[in-house]
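Each chain, letter by letter, is given below.
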Amino acid sequence: MSETPGRVALVGWHEGLAGLVHAWLDQPVSHFVHPSDEAPAVDPVAARAGRAASRFDIPQAGRFKGLPLVSSANWPAILRTEGICRALVLLADGQDRLDQIALARAAGIELIGARHASATILPDAIIGDNVVLHARSLIGYRAEIRAGVIINSGAQIDHHSVIEEGVTIDPGAILAGNVHVGRCARIHTGAIIINRLSIGEGAVIGAGAVVIRDVPPGTTVAGNPARPIMRNPNTRC
Amino acid sequence: MSETPGRVALVGWHEGLAGLVHAWLDQPVSHFVHPSDEAPAVDPVAARAGRAASRFDIPQAGRFKGLPLVSSANWPAILRTEGICRALVLLADGQDRLDQIALARAAGIELIGARHASATILPDAIIGDNVVLHARSLIGYRAEIRAGVIINSGAQIDHHSVIEEGVTIDPGAILAGNVHVGRCARIHTGAIIINRLSIGEGAVIGAGAVVIRDVPPGTTVAGNPARPIMRNPNTRC
Amino acid sequence: MSETPGRVALVGWHEGLAGLVHAWLDQPVSHFVHPSDEAPAVDPVAARAGRAASRFDIPQAGRFKGLPLVSSANWPAILRTEGICRALVLLADGQDRLDQIALARAAGIELIGARHASATILPDAIIGDNVVLHARSLIGYRAEIRAGVIINSGAQIDHHSVIEEGVTIDPGAILAGNVHVGRCARIHTGAIIINRLSIGEGAVIGAGAVVIRDVPPGTTVAGNPARPIMRNPNTRC
């Protein structure tokens, strides 16, 4: 089958990730992907429990949001047979994203990025593959965002900051200038990091934490000012 | 008198609410309304005390910002005799807003919304009547904003969040995905609410509070992490 | 030499200040200025130590970012001989900015402002000379921003707030309505100030501080809620 470069597969099927990006992506999405040989079994009642929103999609009968949902650990090969050679990996866990990105690259799948029209990128920023810039995110002058990073809505990364692969930054987080965030770290909602700090690989910054000192790898901090509350024993980063 | 659908009355006359929206509303405002039979008696000296701004309007001699100020508990009937059949209620208290919205609806007054040009609304959001989206506010994918809600400048409501009637959200507050905010709750400046939480009816979230657990109805929380500091005895919600 | 009004000199040469504004300023920059008779001696190795960003400019051999760097305490006179009569002072310290602004004014140098295209200014705001509005900053209705103020990325100043000369506001700070900030005060990253408060001259608001009471002049506050942690003994404001 001939390739249709325009069409894109989204790897993931959660409403706040793949579902959300699908709603505004400026490229035609043809498939969703569940990167496992076991199809997702989502109980519609349990999935909606505790949710107030009236509209919430879940995968059903091999489809998600009206499109085919491919369930396979070997999804890149399946996409290629469908003539799809572009994908965007939208899994919640940073290491999961990097694993699937590596798989896609090995299979010759091109990884695209997603940038909402309301995101702002300042001059000389460097943006890697498979980076998602959600609505109203802000990337500063000469900031560097590596592959597989998700910058959520309203989060801002100021000048000369470097965000390594697989990092996830939640809504409204604020990183001042010259901040370095290590691989697969996670910055939760509304956290604040002052300038020139280093956040280690796999570190977790709690929601609303005010970080005024470096954070060692694999450490969880929270509070104002942020203090270590946990060493993360099982981090894969 | 024949109706002029284009003209709008703003219910309220405070500078940071009705005065502010008047400054950028993209519809022609013909009247302000004080929803009481007693005209407001504002002492110009006291009103400006402690304010540094050089320009600050107050109602004087039945006018506000150069327009007639109607003082009547039965303002919808008066507007109808003036040929005005559209209004926007801009009172600071959520229950006061809902009371006047109900009065307007009963009188056949259409309630309009106000959306600043710099606000961002993501796909599939549902926005009710008499909702104000101030400058740089952000409404997420499939978020639902009910009637009479005010979302202040720079505040962001992420995907699938539901904001019930009469809620007031102050500048810069950040609500992550799948948050439910009950009727007439108030979220103060810069508060942060993580995903999937429920904020009860009439709850008050203090400025800068970092909310990481559900908040019961009628409860005030503050701090990082947010903790209850008060039960609100007189809430009308 | 005849004057070329279009060309501008930037006073300062730090990457996060003059370098950053140079990257997006919508006016032609012809010179950078180091306002001292002693040329800056920056060790390239030391300057880059601890920085993760791959691109970082420093002054070398009398040039910065490909343009001449004038080193002189009497820089306005030198600029005039070069036919430059417009400048923007971008020094980190507020009082240093005001000192150089005064020098420039005395020499008949016009001080320009810098407003990033993504900044939002609401109606009836008053913006002084030499004010920098960084990306995504927000200036509210009838807010007043005096000369020499820097409003960093994503910071928001709400309605009727007054920011006096030489104030510096860091990224993501949120000032609600009717706030008064005294001369040369500094508001650090992500700080929150509720409405109607007064921040004294030379006060310092720590990163992420949640300010719910007035702050006296020359006082440093931090925390949630913000509490005084220091009197600033050497403030020049």
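Because the structure is predicted, anything quoted here is derived from the model rather than measured.

A.B. asks: Quick question: what am I supposed to make of the sheet that holds strand β10 (residues 132-133) of chain B here?
C.D. replies: Within a sheet, adjacent strands bond to each other through the backbone by hydrogen bonds, running parallel or antiparallel. Residue and element names in this part refer to chain B. Pairing in this open sheet of eight strands is mixed, and the strands run β7-β10-β13-β16-β19-β22-β24-β25 from one edge to the other. At either end of the open sheet lies a strand with only one pairing partner, and these are β7 (114-115) and β25 (227-231). Relative to strand β16 (residues 168-169), strand β13 (residues 150-151) runs parallel, the two sharing two bridges. The residue bridging I151 from the neighbouring strand is I169, located in β16.

A.B. asks: Hey, could you run me through the relation of the copies chain C and chain B in this one?
C.D. replies: Note that the two copies of the chain are related through a rotation about an axis and a translation along the same axis. Laying chain C over chain B is done by rotating through 120° and shifting 0.0 Å along the axis; what remains is an RMSD of 0.0 Å. Such a combination of rotation and displacement between the chain copies is what one expects of a three-fold axis. Looking at the rotation axis and the C-alpha trace of chain C, the residue lying nearest is N224(C), at 3.8 Å. Looking at the interface residues of chain C, only 4% of them are also at the interface in chain B, so each copy uses its own face.

A.B. asks: In this structure, what is going on with the interface of chain C and chain B? I would like to understand it.
C.D. replies: Think of interface size as the accessible area that goes away when the parts come together; that is how it is often given. Of the residues lining the interface, 24 residues belong to chain C; the matching set on chain B comes to 25 residues. In terms of residue class, the side of chain C that touches chain B is made up of 11 nonpolar, nine polar and four charged.

A.B. asks: I'm lost on the relation of the copies chain A and chain C in this one. Help?
C.D. replies: Overlay of chain A on chain C (RMSD 0.0 Å): rotation 120°, translation along the axis 0.0 Å. Take the interface residues of chain A: only 4% of them recur as interface residues in chain C, which is what a contact between different surfaces looks like.

A.B. asks: Explain the interface of chain A and chain C to me, please; I cannot follow it from the model alone.
C.D. replies: Contacts between the two partners involve 24 residues from chain A and, on the opposite side, 25 residues from chain C. Partitioning the side of chain A that touches chain C into residue classes produces 11 nonpolar, nine polar and four charged.

A.B. asks: Quick question: what am I supposed to make of the domain arrangement of chain A here?
C.D. replies: All names here are of chain A. By domain assignment, chain A separates into domain 1 (8-111) and domain 2 (114-231). The straight-line distance from the C-alpha centre of domain 1 to that of domain 2 is 24 Å. Between domain 1 and domain 2, the residue contacts involve 12 residues of the former and 13 residues of the latter. Those elements giving two or more residues to the side of domain 1 that touches domain 2 turn out to be α1 (15-24), β5 (86-89) and α4 (94-106). Tallied by class, residues from the side of domain 1 that touches domain 2 come to nine nonpolar, two polar and one charged.

A.B. asks: What is the right way to read the sheet that holds strand β11 (residues 138-139) of chain B from this model?
C.D. replies: The strand order across the open sheet formed by six strands is β8-β11-β14-β17-β20-β23 (chain B), and the pairing between neighbours is parallel. Looking at the sheet topology across the chains shown, the edges are occupied by β8 (120-121) and β23 (210-211) of chain B.

A.B. asks: How do you make sense of the confidence of the model for chain A when you look at a structure like this?
C.D. replies: Interpretation of this model should avoid reading the predicted coordinates in detail wherever pLDDT is low. Chain-level pLDDT for chain A is 94 on average; 96% of the residues reach the 70-or-more range. Taken together, the chains of this predicted complex give a pTM of 0.96 and an interface ipTM of 0.95.

A.B. asks: How do you make sense of unusual backbone geometry when you look at a structure like this?
C.D. replies: Generally, phi is negative for residues other than glycine and the peptide bonds are trans, each holding for most cases. Residue and element names in this part refer to chain B. The residue after N224, namely P225, is reached through a cis peptide bond having omega -5°. With respect to the helices and strands, the residue P225 is situated in the loop between β24 (219-222) and β25. The phi torsion at R136 lies on the positive side, around 65°, for a residue other than glycine. Mapped onto the elements, R136 comes out in the loop between β10 and β11. By the C-beta count within 10 Å, which is 26 here, R136 ends up buried.

Criteria and thresholds
- For every chain, the first residue of the written sequence is number 1, and numbering continues from 1 onward in sequence order.
- The naming scheme follows written order: chains are lettered A onward, ligands numbered 1 onward.
- Side-chain atom pairs in this predicted model are given and counted only at pLDDT of 80 or more, local residue features only at pLDDT of at least 70, and totals for whole chains, interfaces and linings cover all residues.
- DSSP bridges decide pairing: two strands pair if at least two such bridges lie between them.
- The way it works is that DSSP assigns letters per residue, a run of H or I at least four long becomes a helix, a run of E at least two long becomes a strand, and they are numbered from the N terminus.
- In superposing the copies, a least-squares fit is computed on C-alpha atoms, taking residues whose pLDDT is at least 70 in both.
- What counts as a contact is two residues whose backbone-derived C-beta atoms lie within 7 Å of each other.
- Under the scheme applied here, ten amino acids are nonpolar (Ala, Val, Leu, Ile, Met, Phe, Trp, Tyr, Cys and Pro), four are charged (Asp, Glu, Lys and Arg), and all others, including Gly, are polar.
- Boundaries of every domain are those given by an automatic assignment or by a domain database.
- pLDDT is a residue-level measure of predictor confidence that goes from 0 to 100.
- For the exposure call, what matters is how many other C-beta atoms sit within 10 Å of a residue's own: 20 or more marks it buried, 12 or fewer exposed, and in between partly exposed, using C-beta atoms placed from the backbone.

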